[in-house]
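Tertiary structure, described
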Amino acid sequence: MKLQDLASVRSGLVLSRKQAKEPSEYRYPLINLRCIQQEGTIQLKEADIYEAKEPLKEEYLSQSGDIIVRLTAPYTAVLIDETTSGMVVSSNFVVIRVEDKSLLPEYLFWLLNTEKIKRKIYENATSNMLGAVNARFLADFELALLSVEDQRKISQFNLLAKKERQLLRMLADEKEKYYAGVLNQAYKRAKKGK
């Protein structure tokens, strides 16, 4: 079954079409390429502010359950949740909005980030300097549907593993700060003792 039979697949907003020429009251956080992390998350600290000349329609803003895919390497897919909904999605991305209950967005998110699927995307990318993939390729993407229960099991395990990796990275960062602080204190004490 083609992805377009189960979801809407479209490019993000061409920013110049709706951008205000001067500061505007219609300000939105903007998902840019810097926001998208290799592990499939959005770093909100990297988001820009987009000033529109008019209120934007819902179709231009991310919604919980959307999957946003980079059109250029590394073709990372991210799953939009409550913390990342309401953001402008630029034309650097494809927005996939699942419309059929037989496909879980969380499962599609996992599937699009697998090595096998990323390899297919690389193979179908244009040979220009950017190596961009066409939104049409994703719309025509063939997928074999598992049962909703199997999709749920896979996606829950994937999200849990993703959360664990994120916590482990945070723990490692905190440990590095702790080690640096202890070593700094030891150095200061040793220096005073001389």
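Residues numbered from 1 in each chain as written. Predicted model: local features only at pLDDT ≥ 70, side-chain atom pairs only at ≥ 80, totals over all residues. Heavy atoms only, no water.

Looking up the protein in an unreviewed UniProt entry gives the name Type I restriction endonuclease subunit S, with the organism given as Butyricicoccus pullicaecorum. Reading the Sequence similarities (unreviewed entry) entry of the UniProt record for the protein gives the comment "Belongs to the type-I restriction system S methylase family." (UniProt positions renumbered as here; feature names shortened; annotations may be inferred.)

1. Structural notes on the nonpolar core
Among the nonpolar cores identified, the biggest contains 30 residues, and Leu3, Ile67, Ile96, Leu103, Leu108, Leu112 and Leu138 are the most heavily contacted of them. Going through the elements one at a time, β1 (7-11), β4 (67-70), β5 (77-79), β7 (93-98), α2 (105-112), α3 (115-124) and α4 (135-139) are the ones with two or more residues in this core. Those residues in contact with isoleucine 96 that sit more than four places away from it in its chain are Leu3, Ala7, Ser8, Val9, Asp66, Ile67, Val69, Leu108 and Leu112. Formed by 11 residues, the second largest nonpolar core is a distinct cluster that contains Ile31, Ile80, Met87 and Val89. (Core = buried A, V, L, I, M, F, W, Y, C linked by side-chain atoms within 4.5 Å. Buried < 20%, exposed > 50% of the residue type's maximum accessible area, 1.4 Å probe, protein only. Helix = DSSP H or I, 4+ residues; strand = E, 2+ residues; numbered from the N terminus. Contact = heavy atoms within 4.5 Å.)

2. Observations concerning the sheet that holds β7
Taken in spatial order, the four strands make up an open sheet running β1-β7-β4-β5, and their pairing is antiparallel. Whereas interior strands pair on both sides, the edge strands pair on one side only; in this sheet they are β1 and β5. On average, adjacent strands in this sheet sit at an angle of 20° to one another, irrespective of strand direction. Pairing geometry for β4 and β7, over four bridges, is antiparallel. Considered in β7, the bridge of valine 69 is made with valine 94. Packed onto the sheet, α2 meets β4, β5 and β7 and runs at close to 160° relative to β5. (Pairing = 2+ DSSP bridges. Axes fitted to C-alpha atoms, helices over the stretch in contact; angles between N-to-C directions.)

3. Observations concerning the packing of α2 against helix α5 (residues 148-193)
Remark: α2 packs on α5, axes separated minimally by 8 Å, with the N-to-C direction vectors making an angle of 65°. Taken together, α2 and α5 sit at an angle that is classed as roughly perpendicular. Here α2 and α5 pass one another in a crossing that is left-handed. Residues Glu106, Tyr107, Phe109 and Trp110 of α2 lie in contact with α5, whose contacting residues are Gln151, Ile154, Ser155, Asn158, Leu159 and Lys162. Residue composition of the contact of α2 with α5, grouped by class: five nonpolar, three polar and two charged. (Parallel < 35°, antiparallel > 145°, perpendicular 65-115°, else oblique. Left-handed = near helix turned anticlockwise from the far one by under 90°. Nonpolar A, V, L, I, M, F, W, Y, C, P; charged D, E, K, R; others polar.)

4. A word on the side chain of asparagine 32
Here asparagine 32 shows up in the loop between β2 (26-31) and β3 (48-52). In this structure the side chain of asparagine 32 is engaged in a polar contact, spanning 2.9 Å, whose partner is the backbone oxygen of glutamate 46. Contact partners of asparagine 32, with chain neighbours within four places excluded, come to Glu46, Ala47, Asp48 and Phe93. (Polar contact = N/O pair within 3.5 Å; in protein donor to acceptor, adjacent residues only side chain to side chain.)

5. So, the sheet that holds β3
Reading across the sheet, the three strands line up as β3-β2-β6 and stay open at both edges, with mixed pairing between neighbours. Two strands lie at the open edges of the sheet, namely β3 and β6 (88-89), each paired on one side alone. With two bridges connecting them, β2 and β6 associate as parallel partners. Across the sheet, isoleucine 31 pairs through a bridge with valine 89, a residue of β6.

6. Some details on α3
Taken residue by residue, α3 has Ile117, Lys118 and Ile121 as its buried positions. Within α3, the buried residues cover an arc of 100° as seen down the axis, which keeps them to one side. Turned more than 90 degrees off the buried face of α3, the exposed positions are Glu115, Lys116 and Glu123. In this structure, the buried side of α3 is in contact with α2 and α4. (Arc of directions from axis to C-beta.)

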